[in-house]
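Close look at the chain arrangement
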Amino acid sequence: MTTITLVQGDITRQSVDAVVNAANSSLLGGGGVDGAIHRRGGPAILADCRRLRASQYGKGLPTGRAVATTAGELDARWVIHTVGPVYQGSGSDPALLASCYRASLEVADELGARTVAFPAVSTGAYGWPMADAARIAVEAVRAAETAVEEVRFVLFDEQAYRVFAELLR
Ligand code: AR6
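Scope of this entry: the structure provided in the associated data block. Fair warning: this is a prediction, and the values are worked out from it, not measured in the lab.

1. Points about the pattern of salt bridges
- By the definition in use, this model includes 6 salt bridges.
- Note that Arg 51 is salt-bridged to Asp 48, the shortest N-O span being 2.7 Å. In this pair, Arg 51 and Asp 48 both sit in helix α2 (residues 43–54), 3 residues apart, roughly one turn of the helix.
- Judged by its relative accessible area of 18%, Asp 48 is buried.
- A salt bridge links Arg 169 to Glu 166, with the shortest nitrogen-to-oxygen separation between them at 3.0 Å.
- Overall, Glu 166 belongs to the partly exposed group, its relative accessible area being 49%.

Written out as structure tokens, the structure is:
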């Protein structure tokens, strides 16, 4: 039974088994959550990402997929990198966003992670409207068959927190 919890704050400050990164397919860093994770987690994360690019992800990590690295200096054992879809209005595919959550939880299960912190994937630079992204995220987690005991959504601002809280009421 997976419990969904909500926190307003910075995902890099969470103590969990795995922190999910809203990455891009290059796996080589960026802004938002990605920038914050690499800054606070230190260079070991990027070193692992480069190894992934040099081995099984030569062309990058496809949208909707997930892969784990060390969490470096974060208070976590792993970072699970997932690539959300860029929002494209009516042409956007919610299944790809749902896949980020499902794939991340599959990786968490392979690792044996029991507590996993997620950001609201695709709702920053990738432009997905928060209300829609939150509904997709919660539905995907609820539908997942996983041994993860706690899925913690970490929302950066109060408005995002309220959107998730309303959905979970
Ligand atoms: N903790 C929790 N949430 C955060 C934090 C934080 N430290 N910082 C931002 N958010 P984004 P995306 C929120 O842009 O939309 C990067 O450059 C933010 O307010 O991080 O999936 C990558 O390299 C928003 O609600 O991810 C990619 O190129 C949510 O996290 C691209 O951005 C996601 O915003 C991915 O874009």
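Picking up where we left off.
2. Structural notes on the sheet that holds strand β6 (residues 150–155)
- Spatially, the 6 strands line up as an open sheet ordered β1-β6-β5-β2-β4-β3, and their pairing is mixed. Both outer strands of the open sheet, β1 (3–8) and β3 (66–70), are each paired with one neighbouring strand and no more. In this sheet, adjacent strand axes meet at a mean angle of 25° when their direction is disregarded.
- As judged from the 6 bridges shared by strand β2 (residues 18–23) and strand β4 (residues 78–83), these two strands associate in the parallel manner. Opposite Ala 22, over in β4, you have Thr 82 as the bridge partner.
- In this fold helix α1 (residues 32–41) packs onto β2 and β4, with an angle of close to 130° to the strand it touches most, β2.
- Helix α4 (residues 130–143) rests against β1 and β6 of the sheet, and its axis sits at about 170° to β6.

3. With respect to unusual backbone geometry
- Located in the positive-phi region is Leu 27, a residue other than glycine, with phi close to 65°.
- A residue is classified by how much of its surface remains accessible, and Leu 27, at 3% relative accessible area, is buried.
- Even without a glycine there, the phi angle at Ser 122 is positive, about 75°.
- Residue placement: Ser 122 occurs in the loop between β5 (115–118) and α4.
- Of the residues examined, Ser 122 reaches a relative accessible area of 5% and is grouped as buried.

4. Points about the site of the ligand
- The environment of the ligand is made up of 23 residues, and the closest members are Asn 24, Gly 31, Asp 34, Thr 123 and Gly 124.
- Within the backbone of Ile 11, an N or O atom sits 2.9 Å from a nitrogen atom of the ligand.
- Interatomic distance of 2.8 Å between a backbone N/O atom of Val 33 and an oxygen atom of the ligand.
- With the chains in place, 88% of the 700 Å² that the ligand exposes on its own is no longer accessible.

What counts, and at which threshold
Residues numbered from 1 in each chain as written. Predicted model: local features only at pLDDT ≥ 70, side-chain atom pairs only at ≥ 80, totals over all residues. Heavy atoms only, no water. Salt bridge = Lys/Arg side-chain N within 4 Å of Asp/Glu carboxyl O. Helix = DSSP H or I, 4+ residues; strand = E, 2+ residues; numbered from the N terminus. Buried < 20%, exposed > 50% of the residue type's maximum accessible area, 1.4 Å probe, protein only. Pairing = 2+ DSSP bridges. Axes fitted to C-alpha atoms, helices over the stretch in contact; angles between N-to-C directions. Contact = heavy atoms within 4.5 Å. Near = heavy atom within 4 Å. Polar contact = N/O pair within 3.5 Å; in protein donor to acceptor, adjacent residues only side chain to side chain. Areas by Shrake-Rupley, 256 points an atom, 1.4 Å probe, with all protein chains shown as cover.

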